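A look at the structure
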There are 2 protein chains.
Amino acid sequence: MQQVIDFILELEKLKGVTRKVRPLGLDRYENSAEHSWQLAMFAISLASYAETSLDINRVVRMLLVHDIGEIDTGDTIVYAEQGLEARKVAEWAAVQRIFGMLPEHQASTFLVLWQEFEQCETPESRFAHAVDRAMPVLLNLANQGQSWRENGISYERVVGRIAPPIKAGCPALWNYLEPRLEEARQRGLFGA
Amino acid sequence: MQQVIDFILELEKLKGVTRKVRPLGLDRYENSAEHSWQLAMFAISLASYAETSLDINRVVRMLLVHDIGEIDTGDTIVYAEQGLEARKVAEWAAVQRIFGMLPEHQASTFLVLWQEFEQCETPESRFAHAVDRAMPVLLNLANQGQSWRENGISYERVVGRIAPPIKAGCPALWNYLEPRLEEARQRGLFGA
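Just so you know, these numbers come straight off a predicted model, no measurement behind them. (Residues numbered from 1 in each chain as written. Chains lettered and ligands numbered in written order. Predicted model: local features only at pLDDT ≥ 70, side-chain atom pairs only at ≥ 80, totals over all residues. Heavy atoms only, no water.)

**Thoughts on the overall build of chain A**
- When helices and strands are tallied, chain A shows ten helices and zero strands.
- If you list the helices and strands of chain A from N to C, you get α-α-α-α-α-α-α-α-α-α.
- Whereas a compact globule of 192 residues would reach a radius of gyration of roughly 16 Å, chain A reaches 17 Å, a difference of no more than 12%.
- Counting all 192 residues of chain A, 54% fall into the buried class.
- Considering only residue pairs separated by 6 or more positions, chain A has 68% of its internal contacts joining residues 24 or more positions apart.
- Summed over all atoms, the accessible surface of chain A reaches about 7,900 Å², with 49% contributed by carbon and sulfur.
- The distance from the centre of the 20 positive side-chain charges to the centre of the 26 negative ones in chain A is 4 Å. (Helix = DSSP H or I, 4+ residues; strand = E, 2+ residues; numbered from the N terminus. Rg over C-alpha atoms; globule rule 2.2 N^0.38 Å. Buried < 20%, exposed > 50% of the residue type's maximum accessible area, 1.4 Å probe, protein only. Contact = heavy atoms within 4.5 Å. Areas by Shrake-Rupley, 256 points an atom, 1.4 Å probe, with all protein chains shown as cover. Lys, Arg positive; Asp, Glu negative; His and termini not counted. Charge placed at Lys NZ, Arg CZ, Asp CG, Glu CD.)

**Considering the packing of helix H3 (residues 56-65) of chain B against helix H7 (residues 123-142) of chain B**
Residues and elements named next belong to chain B.
- Two numbers describe how H3 lies on H7: the axes approach to 9 Å, and their chain directions differ by 55°. Here H3 is positioned oblique relative to H7, judged by the angle of their axes. For the element pair H3 and H7, the recorded crossing hand is right-handed. Where H3 abuts H7, its residues Ile56, Arg58, Val59, Met62 and Leu63 lie against Glu124, Ser125, Phe127, Ala128 and Val131.
- Among the residues forming the contact of H3 with H7, the class breakdown is seven nonpolar, one polar and two charged. (Axes fitted to C-alpha atoms, helices over the stretch in contact; angles between N-to-C directions. Parallel < 35°, antiparallel > 145°, perpendicular 65-115°, else oblique. Left-handed = near helix turned anticlockwise from the far one by under 90°. Nonpolar A, V, L, I, M, F, W, Y, C, P; charged D, E, K, R; others polar.)

**Notes on the relation of the copies chain A and chain B**
- Of the transformation placing chain A onto chain B, the axial shift is 0.0 Å and the rotation is 180°, giving an RMSD of 0.0 Å. Classification of the inter-copy transformation places it as that of a two-fold axis. Across chain A, the smallest distance between a C-alpha and the rotation axis is recorded for Glu34 of chain A, namely 2.0 Å.
- The overlap is high: 100% of the interface residues of chain A also sit at the interface in chain B, so the same surface is used on both sides. (Least-squares fit on C-alpha atoms with pLDDT ≥ 70 in both.)

**Looking at the packing of helix H2 (residues 32-46) of chain A against helix H7 (residues 123-142) of chain A**
Residue and element names in this part refer to chain A.
- Direction vectors running N to C along H2 and H7 enclose 115°, while the axes themselves pass 10 Å from each other. The angle between H2 and H7 falls in the class roughly perpendicular. Between H2 and H7 lies a crossing of right-handed hand. The residues of H7 that touch H2, namely those facing His35, Gln38, Leu39, Phe42, Ala43 and Leu46, are Phe127, Val131, Asp132, Ala134, Met135 and Leu138.
- Of the residues belonging to the contact of H2 with H7, the class tally is nine nonpolar, two polar and one charged.

**Some points on unusual backbone geometry**
All names here are of chain B.
- Residue Cys120 is not a glycine yet carries a positive backbone phi of 55°.
- When you line up the elements, Cys120 lands in the loop between helix H6 (104-119) and H7.
- The class for Cys120 is partly exposed, based on a relative accessible area of 25%.
- Phi at Gln144 is positive, roughly 60°, even though this residue is not glycine.

**Overview of the confidence of the model for chain A**
- Taken residue by residue, chain A gives an average pLDDT of 95. The fraction at 70 or more is 98%.
- Predicted complex, confidence summary: ipTM 0.95, pTM 0.96. (pLDDT = per-residue confidence, 0-100.)

**So, the pattern of salt bridges**
- Applying the stated rule across the entire model yields 30 salt bridges over all chains.
- Residue Glu34 of chain A pairs with Arg28 of chain A through a salt bridge whose shortest N-O separation is 2.8 Å.
- Overall, the relative accessible area of 0% leaves Glu34 of chain A in the buried class.
- With a relative accessible area of 27%, Arg28 of chain A lands in the partly exposed category.
- Residues Arg97 of chain B and Glu10 of chain B are paired through a salt bridge, measuring 2.7 Å at the closest nitrogen-oxygen approach. Within this pair, whereas Arg97 of chain B is found in helix H5 (residues 84-99), its partner Glu10 of chain B is found in helix H1 (residues 2-11), the two being separated by 87 residues in sequence.
- Overall, Glu10 of chain B belongs to the buried group, its relative accessible area being 10%. (Salt bridge = Lys/Arg side-chain N within 4 Å of Asp/Glu carboxyl O.)

**Concerning the interface of chain A and chain B**
- Listed as interface residues are 48 residues of chain A and, on the opposing side, 48 residues of chain B.
- Looking only at chain A, the three residues that lose the most surface to chain B are Met1, Lys15 and Trp37 of chain A, adding up to 19% of its buried area.
- Scanning the region where chain A abuts chain B turns up two salt bridges.
- Across the salt bridge formed by Glu30 of chain B and Lys15 of chain A, the nearest N and O atoms sit 2.7 Å from each other.
- Across the chain A-chain B interface, the total number found is 22 residue pairs in polar contact (both at pLDDT 80 or more).
- At the level of elements, helix H1 (2-11), H2, helix H3 (56-65), helix H6 (104-119), H7 and helix H10 (171-186) of chain A are the ones that each hand at least two residues to the side of chain A that touches chain B.
- The greatest single-element share of the side of chain A that touches chain B, amounting to eleven residues, is contributed by H2 of chain A.
- Taken together, the residues that form the side of chain A that touches chain B break down as 33 nonpolar, eight polar and seven charged. (Buried area = accessible area lost by both parts, 1.4 Å probe. Polar contact = N/O pair within 3.5 Å; in protein donor to acceptor, adjacent residues only side chain to side chain.)

In structure tokens, the structure reads:
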């Protein structure tokens, strides 16, 4: 039991990992813990739009754990192109440390989920990726392109980075987003 | 699809609902969105300590949705004794409004989960309640009794309010907490 409690208290630190978008109506930046909650809710709500039959409970668990490595590494904007390999090595070390606080059986269950998300080869992990990529886009569309403008992210970089995983994981979600991104371009919501 | 998107953006507001405990190491108060994420992780991690066989996926979903009514009503400390019935009526109206943004089938699925948590009659909802009651206690034990002292909550009120649901939902968790609460009393971590 002490191992479980120590692990849960370690997870406190994800509440202090800040991302680049701001919650609608709030001045502060979003943190990765509340983001993970919203993704889980988004996945459940969106399940009927999945192309193939999915284990949605597995998607939810993947989304709950997918950012936990950021406790040691911090959040990096999805548009960062440098150092991807080094970041992945660091995140893997981080989740081994953090999940390794639990009894071995539970630790390995979480590590397997985390790896499945990273490898993105199953229908569940592809759906989870689509949800993860779409959420900050929806916030930016509702928030005058806040993180795109603050970080100088162009329309082309957004579409180039998010279209393939969203199309692969949930085509209906891409069909929804595509015209809205085009409209946002015309309204000047992107960075240069 | 627009209904799902509007619902997910409405959930943004839970990130702005503040609770009475502060995340460890942070100055601000916890919000109900990050709290819901942590409860889901706690439930999964604690599942092997359940007394009876449980549908842990259902517990996770219940914990993800259980605070969503606070978008309209705000968080109320669990030790508030006045106005419980009026708060429950207001929360029920709130979740009907918020889940009602979704297509009917999805709305009713969430409403049923929310009601199951509130009624607390199934093994899953009792386990979910135990996790929900224990989490702020664990934070207070790790944080010098911060919210107990700030709000003048005595040892007797804490134990009177949390012992029955935690014993009912996860006896092993109560066995863990009981001596630690006694030790906290001796260290003066409670309010008067």
